[in-house]
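# Structural description and commentary
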Amino acid sequence: MLITLAQAAQALKEGQLVAFPTETVYGLGADANNDAAVSAVFAAKGRPAHHPLIVHVQNAAQAAHFATHLPPLAERLMQHFWPGPLTLILPRHPGVATAAAGGQASIGLRCPAHPVAQALLQAAQALGVSGVAAPSANRFGRISPTTAAHVADDFGDSLAVLDGGPCEVGIESSIVDLSRTDPVLLRPGGISRADLQAAMGQRFADPEAMAQEAPRASGTLQAHYAPRAKLRLMDARTLDTALQVLGADVDGIALYTRQAIRVPGRSMRRYAMPHDARVAARRLFADLREIDATGVRLIWVETPPDGPEWEGVHDRLRRAAAA
Ligand code: TXA
Ligand code: MG
């Protein structure tokens with residue numbers, strides 16, 4: 001059910017769940033300091049309780065409520081990219097947002113740029129809610145939502161949703177872990193690796209080298225973001241060959257490609273992946289949901305280009321294919 005901004009802030013204050021828009025994807029929000037409300041988020045999603053949630057804050061000053069301190073790299077990244085699609089993992093104040101942090105000693109903080117998210121955080125803060133814990137508003141392991149309708153598809157009409165239109169970025173925030181010895185890019189996302197490294201003035205450490213200190217992150221699970229259909233990634237040539245081998249027997253298969261691929265039969269379901277990386281990211285989850293809703297068994301996706309601007313899209317497709 002759609003609700004107003006004032007209702008959403010009040011609901012958060014009362015410990016209820018509210019789905020709200022951000023520039024990346026819709027979040028399923030709860031008061032970060034209300035452990036019971038946070039447990040309800042885990043239960044609604046079907047997400048294991050030790051997978052930490054991102055806490056959304058209105059500005060960098062609010063981050064101090066949750067993080068023990070801001071390392072110089074955090075300050076630099078916040079200055080460049082907040083508000084925006086960047087989550088920072090920082091050392092957590094013991095005793096705050098314990099359930100949201102999944103019991104980790106660290107906390108993931110993000111300041112979203114979406115005006116509706118900003119207004120909600122401000123209104124909630126005025127009622128004493130100092131941060132909103134929110135994973136993506138989809139069932140665990142499924143495709144993230146980029147419209148209010150996607151949220152309703154996953155959770156039904158009983159969930160309160162604040163509608164802010166379709167998300168601009170379309171894939172989740174980049175997650176930078178600053179709680180370990182060296183900075184690690186835990187999840188590629190809305191801001192490119194190159195831009196993050198330029199702002200930090202240094203490169204990310206190899207995640208393997210830091211793996212022993214690594215916390216759990218469902219966004220980093222091998223299999224995630226999956227449609228119901230089996231998704232396969234292939235380059236254009238392999239796709240072409242596979243289709244010629246199949247002949248007219250293409251029932252139950254959909255194509256999602258940038259290039260025009262020769263198809264043997266007229267009945268083939270074909271969807272166009274945008275040529276521009278930003279647009280492709282914006283469209284990705286909505287397109288996969290739309291294709292999945294046709295009931296096809298297989299989605300054959302053309303592997304995106306290797307350029308750094310495609311890293312986030314490539315990552316989501318690889319995980320979807322691993323399911
Ligand atoms: O764009 C986004 O980041 C969206 C919107 C709603 O803000 N949120 C999102 O949340 O993608 P979620 O829960 O689907 O993914 C959060 C990721 C997970 O992989 C989680 O494990 C990781 O962030 N994370 C959160 N806190 C962490 C922590 N303290 N240490 C390591 N990873 C953490
Ligand atoms: Mg998610």
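Above: the structure in question.
Here goes a summary of the coordinates provided. Remember, it's a predicted structure, so these values are computed and weren't measured experimentally.

### Considering unusual backbone geometry
Between Trp 82 and the following residue, Pro 83, the backbone shows a cis peptide bond with an omega angle of -5°. Within the fold, Pro 83 resides in the loop between helix H4 (72-81) and strand S4 (86-91). Here Ala 97, not a glycine, exhibits a phi torsion of approximately 50°, which is positive. Within the secondary structure, Ala 97 is located in the loop between S4 and strand S5 (106-110). Judged by its relative accessible area of 3%, Ala 97 is buried.

### What about the sheet that holds strand S11 (residues 253-257)?
The parallel open sheet is built from 4 strands, whose spatial order is S10-S13-S11-S12. Of all the strands in the sheet, the pair left with one neighbour each is strand S10 (230-234) and strand S12 (269-272). The mean angle between the axes of side-by-side strands here comes to 20°, regardless of whether they run parallel or antiparallel. Bridge count between S10 and strand S13 (residues 298-302): 5 bridges; the pairing is parallel. Opposite Leu 233, over in S13, you have Val 301 as the bridge partner.

### Let's talk about the pattern of salt bridges
Under the definition given, this model contains 11 salt bridges. The salt bridge involving Arg 110 is made with Glu 23; its shortest N-O contact spans 3.1 Å. Taken as a pair, Arg 110 in strand S5 and Glu 23 in the loop between strand S1 (18-20) and strand S2 (27-31) lie far apart in primary sequence, 87 residues in all. Of the charged contacts, one joins Asp 287 and Arg 283 as a salt bridge, the two residues approaching to 2.6 Å between their closest N and O atoms. Taken together, the residues span about one helical turn, with Asp 287 and Arg 283 both in helix H9 (residues 277-293) at a distance of 4 residues. The buried category is assigned to Asp 287, whose relative accessible area is 8%. We classify Arg 283 as partly exposed; its relative accessible area is 35%.

### Looking at H9
An α-helix turns once per 3.6 residues; consequently, residues spaced three or four apart project the same way. Over its 17 residues, H9 extends 24 Å from the first C-alpha to the last, a length consistent with the 24 Å expected when each residue adds 1.5 Å. Of all the bends in H9, the largest measures some 45° and sits at Leu 284. Positive phi shows up at Gly 295, right after H9, with a value of about 85°.

### Thoughts on the sheet that holds S5
Taking strand neighbours across the sheet as the criterion, the 9 strands line up as S7-S1-S2-S6-S3-S5-S4-S8-S9 in an open arrangement whose pairing is mixed. The open sheet is flanked by strand S7 (160-161) and strand S9 (184-187), the only strands paired with a single partner.

### A few points about the nonpolar core
Of all hydrophobic cores here, the largest spans 48 residues; its most connected members are Leu 77, Leu 88 and Leu 109. For this core, the secondary structure elements donating two or more residues are S2, helix H2 (35-45), H4, S4, S5, helix H6 (148-155) and helix H7 (193-200). Of all the elements, H4 adds the most residues to this core, at 5 residues. In this structure Leu 88 touches Ala 74, Leu 77, Met 78, Trp 82, Ile 107, Gly 108, Leu 109, Val 176 and Leu 178, once residues within four positions along its chain are discounted. Leu 231, Val 296, Val 313 and Ala 320 belong to the second-largest nonpolar core, a separate cluster that totals 26 residues.

About the criteria used
- Residues numbered from 1 in each chain as written.
- Chains lettered and ligands numbered in written order.
- Predicted model: local features only at pLDDT ≥ 70, side-chain atom pairs only at ≥ 80, totals over all residues.
- Heavy atoms only, no water.
- Helix = DSSP H or I, 4+ residues; strand = E, 2+ residues; numbered from the N terminus.
- Buried < 20%, exposed > 50% of the residue type's maximum accessible area, 1.4 Å probe, protein only.
- Pairing = 2+ DSSP bridges.
- Axes fitted to C-alpha atoms, helices over the stretch in contact; angles between N-to-C directions.
- Salt bridge = Lys/Arg side-chain N within 4 Å of Asp/Glu carboxyl O.
- Expected span 1.5 Å × (residues − 1).
- Bend = angle between axes of the 7 residues up to and from the residue.
- Core = buried A, V, L, I, M, F, W, Y, C linked by side-chain atoms within 4.5 Å.
- Contact = heavy atoms within 4.5 Å.

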